[in-house]
Amino acid sequence: MTRKDYKLIAEVINKHFNASIGHYSEHTNNLLLGHLVSELADALLKDNPRFDLGKFCSACGLNI
């Protein structure tokens, strides 16, 4: 996968996360987003050892 692919994935996650705000509590939203991003990041790191977790989390809307 390329940086372009990672960016696309992060943009989709961020878009849907922002759309879900208001349906659940902020705490629940952050937990769901955190779990999703964590599992996906683990898989992407296996695909590319140079994968930048911090940039990906920020692009997904997750502030770590």
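Preceding this section is the structure that the text describes.
Residues numbered from 1 in each chain as written. Predicted model: local features only at pLDDT ≥ 70, side-chain atom pairs only at ≥ 80, totals over all residues. Heavy atoms only, no water.

Digging into the overall build of the chain
The test is simple: Numbering of helices and strands runs from the N terminus, with a helix taken as a DSSP run of H or I at least four residues long and a strand as a DSSP run of E at least two residues long. We take the radius of gyration over the C-alpha atoms and set the globule estimate at 2.2 Å times the residue count to the 0.38 power. Type-normalised accessible area, obtained with a 1.4 Å probe on protein chains alone, sets the label of each residue: buried when under 20%, exposed when over 50%, and partly exposed for intermediate values. Here, two residues are considered to be in contact whenever any of their heavy atoms come within 4.5 Å of each other. Only the protein chains shown count as cover for residues, with accessible areas throughout obtained via the Shrake-Rupley method and a probe of 1.4 Å. The charge count includes Lys and Arg as positive and Asp and Glu as negative, but it does not include His or the ends of the chains. The atom standing in for a charge is NZ when the residue is Lys, CZ when it is Arg, CG when it is Asp and CD when it is Glu.
Looking only at helices and strands, the chain has 3 helices and 0 strands in total. Listed N to C, the secondary structure of the chain is α-α-α in terms of helices and strands. Radius of gyration (C-alpha) of the chain: 12 Å, near the 11 Å computed for a compact globule of 64 residues. Reported as C-alpha extents along the three principal axes, the dimensions of the chain are approximately 35 × 15 × 15 Å. When each of the 64 residues of the chain is scored for burial, the buried share is 25%. If you take every contact in the chain between residues at least 6 apart in sequence, the share linking residues at least 24 apart comes to 55%. Accessible surface, the chain: about 4900 Å² in total, of which carbon and sulfur atoms supply 57%. In the chain, 7 side chains carry a positive charge and 7 a negative one; their mean positions are 9 Å apart.

As for the nonpolar core
The condition that has to hold: Definition of nonpolar core: a set of buried residues of the types Ala, Val, Leu, Ile, Met, Phe, Trp, Tyr and Cys, connected through side-chain atoms within 4.5 Å.
Core analysis: the largest hydrophobic core is formed by 13 residues, its most contacted members being I13, L33, V37, F51, F56 and C60. Elements that contribute at least two residues to this core include exactly helix 1 (3–20), helix 2 (26–47) and helix 3 (53–60). Discounting chain neighbours no more than four positions away, the residues touching L33 are I13, F17, C60, G61 and L62.

Description of the packing of helix 2 against helix 3
How we decide: Where helices are involved, their axes are fitted lines through C-alpha atoms of the stretch in contact, as for all axes, and angles between N-to-C directions lie from 0 to 180°. For any helix crossing, the convention is left-handed if the near helix is rotated counterclockwise from the far helix by under a right angle, and right-handed if that rotation is clockwise.
Where helix 2 meets helix 3, the axes come as close as 11 Å, and the angle between the chain directions of the two elements is 140 degrees. Between helix 2 and helix 3 the crossing geometry is right-handed. Facing helix 2, whose interface residues are L33, V37, L40, A41 and L44, helix 3 presents L53, F56, C57 and C60.

Notes on the packing of aromatic side chains
Keep this limit in mind: When two rings of Phe, Tyr or Trp (its six-membered ring) have centres within 6.5 Å they constitute a pair, described as stacked for plane angles under 30 degrees, edge-to-face for angles over 60, and tilted for the intermediate range.
Scanning all chains against the criterion turns up 2 aromatic pairs. Here Y6 and F51 contribute two aromatic rings whose centre-to-centre distance is 5.2 Å and whose plane-to-plane angle is 80 degrees, an arrangement assigned as edge-to-face. You can see Y6 sitting in helix 1 and its partner F51 sitting in the loop between helix 2 and helix 3, a full 45 residues away along the chain. For the pair shown, Y6 and F51 are each scored as buried. An aromatic cluster is present here, built from Y6, F51 and F56 joined pairwise through their rings.

Describing the environment of N30
With respect to the helices and strands, the residue N30 is situated in helix 2. For N30 and A10, which are 20 residues apart along the polypeptide, the C-alpha to C-alpha distance reads 15 Å.

Any functional reading would require information that these geometric values do not contain.
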